[in-house]
Every structure is written in structure tokens, then in C-alpha cells.
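Architecture at a glance
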Amino acid sequence: MGGLAIETLTLAHFRSHRATRLAFDGRPVAIVGPNGAGKTNILEAVSLLSPGRGLRRAAAEDLARKPEAVGWKIAATVRGLSAAHELETWAEAGEPRQVRIDGKAATQASLGRALRILWLVPAMDRLWIEAAEGRRRFLDRMTLSFHPEHAEHSLIYEKAMRDRNRLIRDQVTDPHWYAALEARMAEAGEAITRNRHAALARIGAAADLTSAFPTADLSLVGPDGGEEPSDLALALAEGRRRDIAAGRTLVGPHRADLLARFAAKDVPADQCSTGEQKALLISLILANARALAQDLGKAPILLLDEVAAHLDEQRRAALYDEICALGAQALMTGTEADLFAALGDRGQRLRILDRNGSSMVDA
């Protein structure tokens, strides 16, 4: 089974990369170099070829190389879902980010119809023990990979909720001001919840019990740990008085939480060891990729930042075996080439060095 792939990637004034051009052949890529050389910046650039703010969630102005701050640009030729594409995204100094697909202006959401990209970065290691916001974001990234329209539903919901919260802060009590906003929130919110449940079902069905990585049982719960309301419009209407007292909207998919259990041990993820929590995350990324490969006939692109460093030799080899079995192009970073020894000639090698404050490819 083949996969989606970046074929060429060009970075201009992006983070530590003044001018970098890379060529890939579709195999997994081991990106090696010292800390601070600019390895993760390459992964971040690829993540920006999907909807959203990328794997660091950075604002557009923070992506420009310093001290020039003249704006930045990412360009790529890709093997996409249905065709080859030329993708570009950039921001001029002080301007919002823009996107172009095959030379035509496009929305960020449309990037999800060209490529599917999944990632795992060290900042996610504390996912199961920190606030629910990070888990919702993780869930929505998974959901977006199956349902590109999920981004539009989320934008509609968030805009309507901001307008409703403005009424709440102004202590407005007239129900006529709320009705239209709550109807919009309910329609978009129910689509969000429906897509989330569908994504969790697909990931659960794609779990591989023979994998070296433990299976996670996932569930979606409301803010009080129970079921989300089946009639969101009614719940919003009935909750107005409480929301006015609290100063914000207290019910809806923006308050949901993703729970996980280590299936074999029947232990909540937040009670597992650090190593087990990491293994559960890798398992979920692999299950997500497996499900997409089954659904689309093509494996997604994987971005795995410093993942190998936290695995023993046996699990590193198992990870590379699973990636290669999927036929996925995985861009993986590490400080030492030995971390990728088990990949052998199944992957490309790329070394990044820091030369006078600028990232350079070591030829």
C-alpha cells in the first residue's frame, strides 16, 4: 500500500531556515542533527501543509526567521489523495497566513482535501495528565484526518459561541437574542460530536492487537464526566441563567474530554507510567494512520519528533516495521544516527547542522 508523500519541500525565511530545499522519494526519512539545528522546524513546515496552526500552534508572525522578519514561505510538490499538487503557504510581515494550491488561492481547510498529516511531538507527552483542552485538540486533529469538513463545523460553532458569550458578558436576558446563535451552535456542535464519535470508532476498529504498542480504549465525555447532551439547543436554552452567572457557555463540545484506558491492564491513561503513556500515544497515531490507509487506500504522512529517543531498541525496530508495512512517509527526528539503525535501507537519511545561526543540509 502506497502513501501520500512530500516530494520536494522549499523553506524561505522560515524559523532557522533561510533557504532550504529538500527532495524526498516517499520512503521514511530520518532527520538527524544536534539540538537547535532546525530539525523540528522541517516537521513544523510540513505540518503547515494541513489545516490549522501546525504542530507548535504558532502565530504566523512567529514563524518568520529572525532578525530579518521579512515574512516566510513554504512550498511543496506532493503526491496527494487524488492527484499531484503544488502547495504553498506564506505570510508577509504583519499579514495573515495565505494558502495557494496549484497556483490558485485556497483556504486552509482545503489543504485537508489534498493531504492527511498526523504528528506526535514531545509537547504531547503529558497529554493524559494535563488539562482537557490539549486532549480535545488531539481528538479534533484525529477527527479532521477522517472528516475534513470538521474544521468548518468547528469555526461556525466557535464564532456563534463567541457571539453568545458576548451577550452573556453583557448580561442580556432577552431569549430572542440567543435563539438564532444557539440554533447555529447546536447544528454545528452536533456535527462536531458526531464526527468525533465516528473518528473514535474508526481508530478503535483499526487497533492492532499484535502491535508492540499497547491498545487504548477511548471514550468521549462531557464536562461533568457524563454523556454529552443529546439536544444541545435545549441544553443551551435551559442553561442560560447558569451561563450568565458563570460568564461563559458551560455546555457543548468545547467542554468535552477525551478519556483513554490502557486496554490490556484496564488502567486509566493518567495513572500509567510515563513510558506507557508515550506508548499509548504512538499506538493511537499508528491506529489513526492504519484506519486512514484502509479508508483512503493511501497512508497519511507522519511527523514524529524525537520519538525514537524514548523507545528501547526493540520498540524502535517495531515502530519502523509498522511504518514501512503501512507504506507511510514518516519524517522522524533524532540527535543520533544510531537511533535509526533498524530502519536500514528502507529509509532516507538527512543531516541538519547549524551554521552561523542558519540551518543547513549536510551534503
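Residues numbered from 1 in each chain as written. Predicted model: local features only at pLDDT ≥ 70, side-chain atom pairs only at ≥ 80, totals over all residues. Heavy atoms only, no water.

1. Description of the overall build of the protein chain
Heads up, the condition is: Each helix is a run of DSSP H or I of at least 4 residues and each strand a run of E of at least 2, with the numbering of both proceeding from the N terminus. Here the radius of gyration uses the C-alpha set of atoms, whereas the globule reference equals 2.2 Å times the residue count to the power 0.38. Burial status follows relative accessibility: with a 1.4 Å probe on protein chains alone, a residue under 20% of its type maximum counts as buried, one over 50% as exposed, and anything between as partly exposed. What makes two residues a contact is simply this: any of their non-hydrogen atoms within 4.5 Å. All accessible-area figures derive from a Shrake-Rupley calculation using a 1.4 Å probe, and residue coverage is judged against the displayed protein chains alone. Asp and Glu count as negative and Lys and Arg as positive, but His and the ends of the chain are not part of the count. The atoms used to mark charge sites are NZ of Lys, CZ of Arg, CG of Asp and CD of Glu.
Counting its regular elements, the protein chain contains 9 helices and 15 strands. In summary, the protein chain has a C-alpha radius of gyration of 21 Å against a globular reference of 21 Å for 363 residues, a match within 12%. Seen through its principal axes, the protein chain has C-alpha atoms that stretch 70 × 50 × 35 Å. Among the 363 residues that make up the protein chain, the fraction classed as buried is 54%. Counting contacts in the protein chain only where the partners sit at least 6 residues apart, residues at least 24 apart contribute 71% of the total. Entry remark: accessible area of the protein chain is about 16300 Å², with carbon and sulfur atoms responsible for 51%. Averaging the locations of the 47 positively and 48 negatively charged side chains of the protein chain gives two centres separated by 3 Å.

2. Focus: the pattern of salt bridges
Inclusion rule: When a carboxyl oxygen of Asp or Glu lies within 4 Å of a side-chain nitrogen of Lys or Arg, that pair is called a salt bridge.
For the structure on display, the rule yields 25 salt bridges. Between E182 and R164 there is a salt bridge, and its shortest N-O distance comes to 3.0 Å. Of this pair, E182 sits in helix α5 (residues 175–205) while R164 is found in helix α4 (residues 150–169), placing the two residues 18 residues apart along the sequence. Taking relative accessible area as the criterion, R164 reaches 0% and is therefore assigned buried. When the shortest N-O distance is used, the salt bridge between R346 and D321 registers 2.9 Å.

3. Thoughts on the packing of aromatic side chains
Formally: Aromatic pairs are defined between Phe, Tyr and Trp rings, using the six-membered ring for Trp, whenever the two ring centres lie within 6.5 Å; interplanar angles under 30 degrees are classed as stacked, those over 60 as edge-to-face, and all others as tilted. Counted as over-ring charges are cases with an Arg CZ or a Lys NZ within 6 Å of the ring centre that also lie within 35 degrees of the ring normal.
Within the structure shown, the criterion is met by 3 aromatic pairs. Over the ring of W90 we find K73; its NZ or CZ atom is 5.9 Å from the centre of that ring. Across from the ring centre of F262, 5.3 Å away, lies the NZ or CZ of K265, which sits over that ring.

4. A look at the UniProt feature "binding site: ATP" (unreviewed entry) in the protein chain
The cut-off we apply is this: UniProt positions are given in the numbering used here, feature names are shortened, and annotations may be inferred rather than shown by experiment.
Feature annotation in UniProt assigns "binding site: ATP" (unreviewed entry) to the following positions: G33, P34, N35, G36, A37, G38, K39 and T40. You can see N35 is positioned in the loop between β3 (29–32) and α1 (39–47). A relative accessible area of 66% places N35 in the exposed class. Beyond its immediate chain neighbours, meaning those up to four positions away, N35 contacts E306 and T335. Overall, the relative accessible area of 0% leaves A37 in the buried class.

5. A short note on unusual backbone geometry
With an omega of 5 degrees, the peptide bond between K66 and P67 qualifies as cis. Within the secondary structure, P67 is located in the loop between α1 and β4 (71–79). Residues other than glycine seldom take positive phi values, yet H13 does so here, at roughly 55 degrees. Phi is positive for D266, close to 55 degrees, though the residue is something other than glycine. Along the chain, D266 falls in the loop between β10 (257–262) and β11 (267–268).

6. Concerning the packing of α4 against α5
For clarity, the threshold we go by: Axes here refer to lines fitted to C-alpha atoms; in helices the fit is confined to the stretch in contact. Angles between the N-to-C directions go from 0 to 180 degrees. For any helix crossing, the convention is left-handed if the near helix is rotated counterclockwise from the far helix by under a right angle, and right-handed if that rotation is clockwise. By the convention adopted, Pro, Cys, Tyr, Trp, Phe, Met, Ile, Leu, Val and Ala count as nonpolar, Lys, Arg, Asp and Glu as charged, and the other residues, Gly among them, as polar.
Closest axis-to-axis distance for the α4/α5 pair is 8 Å, and the angle between their directions is 145 degrees. Our pair here, α4 against α5, has a crossing hand that is left-handed. Along its contact with α4, which presents H150, H153, S154, I156, Y157, A160, M161, D163, R164, L167 and I168, the element α5 presents W177, Y178, L181, E182, R184, M185, A188, G189, A191, I192, N195 and R196. Here the contact of α4 with α5 is built from residues that sort into 13 nonpolar, 5 polar and 5 charged.

7. Section: the side chain of R316
Applied cut-off: A 3.5 Å cut-off defines polar contacts: any pair of N or O atoms within that distance qualifies, except that in protein one atom must be a possible hydrogen donor and the other a possible acceptor, and neighbouring residues in sequence count only when both atoms are side-chain atoms.
Structurally, R316 can be placed in helix α9 (residues 313–326). This buried residue, R316, is left without a salt bridge; E313 holds the nearest opposite charge, at 5.3 Å. Here the side chain of R316 touches L311 through a polar contact of 2.8 Å, landing on its backbone oxygen. Look past the residues within four positions of R316 in its chain and what remains in contact with it is A308, L311 and L339.

8. What about the sheet that holds strand β9 (residues 216–221)?
What counts here: At least two DSSP bridges between two strands are needed for those strands to be called paired.
Taken together, 3 strands build an open sheet; the order of strands is β9-β10-β11 and the sheet is antiparallel. Whereas interior strands pair on both sides, the edge strands pair on one side only; in this sheet they are β9 and β11. Of the pairings in the sheet, the one linking β9 to β10 comprises 6 bridges and is antiparallel in character. Opposite D217, over in β10, you have R261 as the bridge partner. The sheet strands contacting helix α3 (residues 132–146) are β9 and β10, and the helix crosses β10 at an angle near 85 degrees.

9. Comments concerning the environment of P223
Examined against the element boundaries, P223 turns out to sit in the loop between β9 and α6 (232–238). As for P223 and L209, which are separated by 14 residues in sequence, their C-alpha atoms are 31 Å apart. Contacts of P223, omitting those with residues within four sequence positions, involve L250 and R255.

10. What about the sheet that holds β4?
The sheet built from 6 strands is open, its strands ordered β2-β1-β4-β5-β6-β7 with antiparallel pairing. Since the sheet does not close on itself, it has two edges, and those belong to β2 (17–23) and β7 (104–106), each with one partner. The mean angle between the axes of side-by-side strands here comes to 20 degrees, regardless of whether they run parallel or antiparallel. One ladder, built from 7 bridges, connects strand β1 (residues 5–14) with β4; its direction is antiparallel. Paired with T10 across the bridge in β4 is A75.

11. Brief notes about the nonpolar core
Worth spelling out the cut-off: In this description, a nonpolar core means a group of buried Ala, Val, Leu, Ile, Met, Phe, Trp, Tyr and Cys residues linked to one another through side-chain atoms lying within 4.5 Å.
I6, L9 and L319 are the most contacted members of the largest nonpolar core, which totals 94 residues. Of the residues forming this core, the biggest block, 12 residues, is contributed by helix α8 (residues 274–296). When residues no more than four places from it in sequence are discounted, the contact partners of L9 are T20, R21, L22, F24, I42, V46, I74, A75 and A76. With 11 residues, the next largest nonpolar core counts M185, A186, I192 and V251 among its residues.

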